[in-house]
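What the coordinates show
Each chain, letter by letter, is given below.
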Amino acid sequence: MELVQAKGILNRLNKLANVVNTTIGVLHANYEVLSGNTIVFHLFCKEENEVGNFLLENIMNTVLQKDYPFKMLNMINGIDFIFSINPKDEQDAYLMPRYNDYVTYDILDIIYQVVDMAKVEYCLIIEDLPETEIPFDVICEIDQWNEDQEYYEEDISGGIVDYQDIKQYRINKNCLYGISLGYYDIDTSIVESDLVPELIGILFESVEDFCYVISDKDYIYLYSVVPFNDDTDFDIEEGLINCLPLLSQTNQEETLEDLWSEWRQEGEKEI
């Protein structure tokens, strides 16, 4: 393998691994060069995750539906893409630089397609929770709100709140991946500490009356004396999108779509 050729393929592999590691989060990527100029690109989950498993399963299904210029091995919690960059004859040697580009684009394109599937599978849904017991923390917030209303009277928004008037909603935390995949590698374990305080402010601006937000391992719970409508749902979704950087674990150099578009345009120029 010539030095220029090696530099080109390694640069593309670095970009591919970087965009996975900084914009997907539930999947991680790295690669290694084996003897005989064989490349193994590893795609895997570091820990058990429903969204990560969904991505891996559908990546495998997508690969099986078409002939690709690489082999795929199903590993424990991951997938290996294996291909050779050692040309067999002079004609192959001439085509090899573009071949390497096509292989890395194919892998990126598969990931891009499956991320789009996940965005549909885990789209943002705000569920109603009728007749659910109000948590003690929220009751305390209602009591404090009512005390403030009595003390400040007309100087603040809203009015006295009755527990029975509280509407309850929830969002599955996996829905955060539906809006973050390809943009931010979020960490849902810090939703309570980093995202919830921002959501309380966003929700209050939308309903302009008593509201509160808490979370547990699986869900974000929203409480409001004002029933949600389409405008409220829009404000929440827009707020979540704007707050995703708070949950990001790394700095993003480019999005998944940016790299996909760049490599796709390069390939079209060659046709």
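For the structure itself, consult the block above.
The structure reproduced in this document is the subject of the present report. Here the structure is a predicted model, which is why all the values come from computation and not from measurement. (Residues numbered from 1 in each chain as written. Predicted model: local features only at pLDDT ≥ 70, side-chain atom pairs only at ≥ 80, totals over all residues. Heavy atoms only, no water.)

**Details of the overall build of the protein**
Basically, it comes down to this: Strands are runs of DSSP state E lasting at least 2 residues, helices are runs of H or I lasting at least 4, and numbering of each runs from the N terminus. Buried means the residue's accessible area, taken with a 1.4 Å probe over protein chains only, is under 20% of the maximum for its type, while exposed means over 50%, and partly exposed covers the values in between. Throughout, a residue-residue contact means that at least one pair of heavy atoms, one from each residue, lies within 4.5 Å. Throughout, the Shrake-Rupley method with a 1.4 Å probe supplies accessible areas, and for residues the shown protein chains are the sole cover considered.
Looking only at helices and strands, the protein features 8 helices and 8 strands. For the protein, the proportion of its 271 residues judged to be buried stands at 46%. In the protein, 68% of the contacts between residues at least 6 apart in sequence involve partners at least 24 apart. When the accessible surface of the protein is summed, it comes to about 15,000 Å², and 47% of that surface belongs to carbon and sulfur atoms.

**Some remarks on the pairing of strand β7 (residues 211-215)**
Here is the rule: At least two DSSP bridges between two strands are needed for those strands to be called paired.
Taken across its 5 residues, β7 has 5 buried, putting it largely inside the fold. Here β7 shows a buried face lined by Cys211, Val213 and Ser215 and a second buried face lined by Tyr212 and Ile214. Two elements, β7 and strand β8 (residues 219-224), share 5 bridges in a ladder whose sense is antiparallel. Its bridge partner lying in β8, cysteine 211 is registered against serine 224. Taking the residues that link successive antiparallel strands as the turn, the β7-β8 hairpin has 3 residues.

**Describing the layout of surface pockets**
Here is the rule: In this analysis the probe radius is 1.4 Å and the grid spacing 1 Å, with only protein atoms considered; a cavity is a set of points the probe fits into but cannot get out of, a pocket is an open set with protein on both sides within 12 Å along at least five of seven lines, and lining residues have an atom within 4 Å of a point. Grid points are joined across faces, edges and corners, and a volume is the space filled by probe spheres set on the points. Each residue is assigned to one of three groups, with Ala, Val, Leu, Ile, Met, Phe, Trp, Tyr, Cys and Pro labelled nonpolar, Asp, Glu, Lys and Arg labelled charged, and all others, Gly among them, labelled polar.
Computed from the structure, the largest pocket encloses a volume of approximately 570 Å³. What lines the largest pocket is a set of 20 residues, among which Glu47, Glu48, Asn49, Tyr177 and Thr188 lie closest to the centre. Grouping the amino acids of the lining of the largest pocket by side-chain chemistry returns 4 nonpolar, 8 polar and 8 charged.

**Some thoughts on the packing of aromatic side chains**
Stated formally: Each Phe, Tyr or Trp ring (for Trp, its six-membered ring) is paired with any other whose centre lies within 6.5 Å, and the angle between the two planes then decides the class: stacked below 30 degrees, edge-to-face above 60, tilted in between.
Throughout the structure, instances matching the rule amount to 9 aromatic pairs. When the ring of phenylalanine 41 is compared with that of phenylalanine 81, the centres are 6.4 Å apart and the planes differ by 45°; the resulting orientation is tilted. Of the two residues, phenylalanine 41 is situated in strand β2 (residues 38-44) and phenylalanine 81 in strand β4 (residues 78-84); the sequence distance between them amounts to 40 residues. Taken as a pair, phenylalanine 41 and phenylalanine 81 share a single burial class, namely buried. Relative to tyrosine 221, the ring of tyrosine 219 has its centre 6.0 Å away and its plane inclined at 50°; by these criteria the two rings are tilted. Assigned by exposure class, tyrosine 219 and tyrosine 221 land together as buried. The structure contains a cluster of three or more aromatic residues connected by ring pairs, namely Phe41, Tyr68, Phe70 and Phe81.

**Comments concerning unusual backbone geometry**
In this structure, asparagine 77 is a non-glycine residue whose phi angle is positive, near 60°. Assignment of secondary structure puts asparagine 77 in the loop between β3 (71-75) and β4. Of note, the phi angle at glutamate 208 is positive, near 55°, even though the residue is not glycine. Note that glutamate 208 resides in the loop between α6 (191-207) and β7. When its relative accessible area of 55% is taken as the criterion, glutamate 208 is described as exposed.

**Examining the nonpolar core**
Rules: Among buried residues, the Ala, Val, Leu, Ile, Met, Phe, Trp, Tyr and Cys ones that are joined through side-chain atoms within 4.5 Å form a nonpolar core.
Judged by nonpolar contacts, the single largest core of 69 residues is most densely connected at Leu27, Leu55 and Ile59. Of the residues forming this core, the biggest block, 10 residues, is contributed by helix α3 (residues 90-121). Residue contacts for leucine 55: discarding those within four places in its chain leaves Ile24, Val26, Leu27, Val114, Val115, Ala118 and Leu181. Within the second largest apolar cluster, 14 residues are counted, among which are Val161, Tyr221, Tyr223 and Val225.

**A short note on the sheet that holds β7**
Defined as follows: Lines fitted to C-alpha atoms define the axes, with helix axes restricted to the stretch in contact, and inter-axis angles between N-to-C directions lie between 0 and 180 degrees.
With respect to topology, 4 strands assemble into an open sheet ordered β5-β6-β8-β7, the strand pairing being antiparallel. Both outer strands of the open sheet, β5 (127-128) and β7, are each paired with one neighbouring strand and no more. Examined bridge by bridge, strand β6 (residues 167-172) and β8 share 6 bridges and lie antiparallel to one another. Along β8, the bridge assignment pairs arginine 170 with tyrosine 221. Helix-sheet contacts for α6 involve β7 and β8, and the interaxial angle to β7 is about 160°.

**Details of the pairing of β6**
Two elements, β5 and β6, share 2 bridges in a ladder whose sense is antiparallel. Looking at β6, one finds that aspartate 128 is bridged to tyrosine 169.

**Focus: helix α4 (residues 136-152)**
Note the threshold: Given a helix with a known number of residues, its expected span is that number minus one, times 1.5 Å. Working definition: the arc comes from the directions between the helix axis and the C-beta atoms, pointing outward to the latter.
The terminal C-alpha atoms of α4 lie 24 Å apart, and with 17 residues this matches the ideal 24 Å at 1.5 Å per residue to within 8%. Of the positions making up α4, those classed as buried are Val138, Ile142, Trp145, Asn146 and Gln149. Axial view of α4: buried residues confined to an arc of 95°, hence all on one face. In α4, those exposed residues whose orientation departs by more than 90 degrees from the buried face are Phe136, Asp137, Glu150 and Tyr151. Where the residues of α4 are buried, they touch α6, β7 and β8.

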